[in-house]
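Examining the three-dimensional arrangement
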Amino acid sequence: MARKNFLFSKPVVFAVLAGLVVLILVSAAFMRYIFAGLPPVYEMEEYTPSLTTKVYDRNNQLIHEFSIEKRTTVPLEDIPVDLQNAVVAMEDRDFFKHAGFSVRGIIRALLHDLVTGKAKQGASTLTQQLSRGVFLTQEKKIIRKIREIILAIQIEHRFSKREILQLYLNEIYLGSGSYGVKAAAKKYFDKELSELTTGEAALLVGLIPAPGRYNPFANPDLARLRRNLVLDVMYEQNYISAEELTNAKQEPLPEKPPVLDKKPGQYFIEHIRRMLEPKYGMDVLWKAGLNIYTTLDIEQQALAEEIMDKKLQEYDEQVAKGLGIEIDPNDSEADVPTQQEEQTPVQEREEYPRLQGAFMVRDVKTGAVRVLVGGRGYDESKFNRATQAKRQPGSSFKPYVWMAALQKGYTPATLVKDLPTMFYYDGRNWHTFDENTDLYSLDLAKQTFVSSKDFNVWVPQNYGGRNDGWVTLRRGLEKSKNLVAVNLIDAVTPRAVIQVARKAGLTANLPNVPALALGVSVVQMDEHLAALSTFANGGIHTDNYYIERVEDASGRILEQHVPVETSAFKPQHAYLLLNMMKGVTQRGSGAYVAKLGRNIAGKTGTTQSHRDMWFVGMTPHTAAAAWMGYDDDTSHENGARFTGSTTAHWWTDIMEQILKDEPNDDFAVPEGISFAYINPTTGKLTMPTDRNKFLEAFITGTEPESF
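In this report, we go over the structure that sits alongside the text. (Residues numbered from 1 in each chain as written. Predicted model: local features only at pLDDT ≥ 70, side-chain atom pairs only at ≥ 80, totals over all residues. Heavy atoms only, no water.)

This part covers helix α20 (residues 525-536). Given a rise of 1.5 Å per residue, 12 residues ought to cover 16 Å, and the 17 Å separating the end C-alpha atoms of α20 matches this to within 8%. Across the 12 residues of α20, 12 count as buried, placing the element largely inside the fold. What α20 keeps buried is the set Met525, Asp526, Glu527, His528, Leu529, Ala530, Ala531, Leu532, Ser533, Thr534, Phe535 and Ala536. Immediately downstream of α20, the backbone of Gly538 shows phi near 70°, a positive value. (Helix = DSSP H or I, 4+ residues; strand = E, 2+ residues; numbered from the N terminus. Expected span 1.5 Å × (residues − 1). Buried < 20%, exposed > 50% of the residue type's maximum accessible area, 1.4 Å probe, protein only.)

Moving on, we come to the pattern of salt bridges. Within the structure shown, the criterion is met by 29 salt bridges. Among the salt bridges present, the one from Asp309 reaches Arg376, with a minimum N-O distance of 3.0 Å. Separated by 67 residues along the polypeptide, Asp309 in helix α13 (residues 298-322) and Arg376 in the loop between β7 (369-373) and α15 (398-407) bring together distant segments of the chain. Taking the shortest distance from any N to any O, the salt bridge between Glu478 and Arg587 comes out at 2.6 Å. A residue pair is termed long-range when its members are at least 10 positions apart, and Glu478 in helix α17 (residues 473-478) and Arg587 in the loop between α21 (571-586) and β17 (601-606) qualify at 109 residues. Taking relative accessible area as the criterion, Arg587 reaches 35% and is therefore assigned partly exposed. (Salt bridge = Lys/Arg side-chain N within 4 Å of Asp/Glu carboxyl O.)

Moving on to the sheet that holds strand β6 (residues 356-363). Across the sheet, which stays open at both edges, the five strands sit in the order β7-β6-β19-β18-β17 with antiparallel pairing between neighbours. A single partner strand is all that each edge strand has here, and the edge strands are β7 and β17. Recorded for the sheet is a direction-independent mean angle of 5° between the axes of neighbouring strands. Where β6 meets strand β19 (residues 622-629), eight bridges bridge the pair, whose relative direction is antiparallel. Its bridge partner being in β19, Ala358 is matched across the sheet by Trp627. (Pairing = 2+ DSSP bridges. Axes fitted to C-alpha atoms, helices over the stretch in contact; angles between N-to-C directions.)

Our next topic: the environment of Ile79. Here Ile79 shows up in the loop between β3 (70-71) and α2 (81-91). Residues Ile79 and Leu193 lie 114 residues apart in sequence; the distance between their C-alpha atoms is 6.3 Å. Among residues more than four places away in sequence, those in contact with Ile79 are Val74, Gln84, Leu169, Val181 and Leu193. (Contact = heavy atoms within 4.5 Å.)

All right, on to helix α19 (residues 494-504) then. Where α19 is concerned, the buried positions are Pro494, Ala496, Val497, Ile498, Val500, Ala501 and Ala504. Among the residues trailing α19, Gly505 stands out with phi positive, at a value near 130°.

Put into structure tokens, the structure is as follows:
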């Protein structure tokens, strides 16, 4: 009987085949699992790391960067050779020889991990580090390591060594939020890449394994040892000479992060962030590398911030002196309040109140905002008093009243009452009680209503308590006569004034009451400036705008400003109002502005108890508004008694610099305007021989008929 061969028996063969099938299936499933977790390597060709969004001023000067990661991509030829050599020497000396992974390195790492029982030993080539940094996690697992090697092989097959090295040097994390060597050079040395020394390049490369551990600011001794190790390896591999090695080791380490100067324009930057972030989303604004071209003039912005803060500090010292407080203007602890929440104005110290201010400049015709100062220090308070605060405009609101009067047929020579007037409220409407013309008689008449709960009584007065009886419309504006304003609004109706303000561009809630003439409503500076600029633009309204265009990282335009103009008032009425407002800066409450020697139309504003002080002024090209006061609405009544005229002083100091290159043009005279000499007191035409005369503008046909 033949001996049976159990080795090739059917059961055995069947078992072997079944085992092979299972092995193949398991292997296939395993490889499927491995490859399922791999991204397509072609995505690296389109890979865009988190980029920095850059903000430019009107002259294309870089003024700010939005970034989650401090990163800038640069071509390999702009990266110093010492830096490239140091990376290859320390991280992957066989980089230009291998196909993406190192067999010797993997075996060495596996043996180490088996001996220690921990997956700690690294063996990654530059290509593996790149694949992990771009596509994979940092978790140390066998599965991830296999994927890393496969992906590294694919990358090596698809990209050249120079391309891989360039991607690596722009992607590597070097601590303190810095990704890539360019951002790190700025972070640690405040230098451009081209300015790095050999020792500095070695220090950056030494950070790669553990940026926190080898940080020169936190651990200078470890950082020095690590830098010197990199230099030694570079010398061993003939990348530097012995002399270069010695010199590089003697270079001092940076002792502390570069001190960045406080940059101007932070309120402006925050304002455009609020505009763009809801539109594009946080990821796009902060990571997509947009280029934002704005209307800001950063040089004018810096001047405005410096001058405003200096002047308000002087006023602070006046207030403190009046309160008997000794202060050291160089002592920052004495006058800087603690930082508050973003939307909350700063609460001032009771013993030393700190004045706040806001300042804004725009192009009269286009609405382009050139300067935006929201406060005395963005680091103290992010609350923007130019775009977020609502304050009473006081007498700076009067131009809207005067425009309503012009629309009703008044001329600059029309005589209007500068007489005491009593208003009473009967529960439904305000009425005037004008049978009496002196305060004593009005006070007696008022007593009739004082005891009645159904009546409210209001008796406005001029600043200083003086009235001149009857004055021209021009003089009433130049001297900012409160009684003229309330008598005018009573004649033309508050509703007509509200309509004017709306057409000019104000959206604030405006009460239908006589006190509206004195600016008792609250407005935002940005709206108020844009609305008053309508008059300087010949009655044509344009909104403020801050951004000229936004481009993506490839230069594609995402949005661009499109001018929109609205004809709000007749140019003749606008000119008459401006011509009267010029008198404010020549003979009236804003006469300090006359030192500029320019044709400027303006208006001061001081609210009740001196809580808000305004000045708004305009040339044919540029309009600017200034405000000062206290965030907590503190009164100046018992202090230094600042007024809108005070604000006009530092407005003038700033605009002297901003307007220095602007031509001294006058406001264009539209068709339908004629001029005639009048008596500034009576408003009547004068004889050629009269000495007391003033050349006044009129809409043709409305000149006074009698002498």
